[in-house]
Amino acid sequence: MRDVWDVVDDHIVAERILPAIVIMRDHFGDTIREAIDRFAERYEHLREVRPNDFTKPHEEYGRGFYS
């Protein structure tokens, strides 16, 4: 089975924000706020280590998603 971070990372890179947050809540037992914070930390990490995997610039990522 794939590591949970591999699955979450794929969702983050593909801008599938809600599925990534749901997985983090289920896997880590996070509250919604904690999962959103964890998502933000992972997103920033991926932007640093895998910048070429993102198709949208930082300013446009998640546009229209409100939490």
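How each quantity is defined
Residues numbered from 1 in each chain as written. Predicted model: local features only at pLDDT ≥ 70, side-chain atom pairs only at ≥ 80, totals over all residues. Heavy atoms only, no water. Core = buried A, V, L, I, M, F, W, Y, C linked by side-chain atoms within 4.5 Å. Buried < 20%, exposed > 50% of the residue type's maximum accessible area, 1.4 Å probe, protein only. Helix = DSSP H or I, 4+ residues; strand = E, 2+ residues; numbered from the N terminus. Axes fitted to C-alpha atoms, helices over the stretch in contact; angles between N-to-C directions. Parallel < 35°, antiparallel > 145°, perpendicular 65-115°, else oblique. Contact = heavy atoms within 4.5 Å. Nonpolar A, V, L, I, M, F, W, Y, C, P; charged D, E, K, R; others polar.

Draft legend 1. How the structure looks around the nonpolar core. By size, the foremost hydrophobic cluster in this structure holds 15 residues, and its most contacted members are Ile12, Phe39, Phe54 and Tyr61. The leading source of residues in this core is helix H3 (residues 32-49), at five residues.

Draft legend 2. Examining the packing of helix H1 (residues 4-13) against H3 more closely. Packing of H1 against H3 leaves a shortest axis separation of 10 Å and a crossing angle of 80°. Overall, the two elements H1 and H3 adopt an arrangement that is roughly perpendicular. Each of Trp5, Asp9, Ile12 and Val13 in H1 lies in contact with H3, whose residues at this interface are Arg38, Phe39, Arg42, Tyr43 and Leu46. Its residues assigned to classes, the contact of H1 with H3 shows six nonpolar, no polar and three charged.

Draft legend 3. Representation of unusual backbone geometry in the model. Located in the positive-phi region is Glu15, a residue other than glycine, with phi close to 65°. Counting through the fold element by element, Glu15 comes out in the loop between H1 and helix H2 (17-28).

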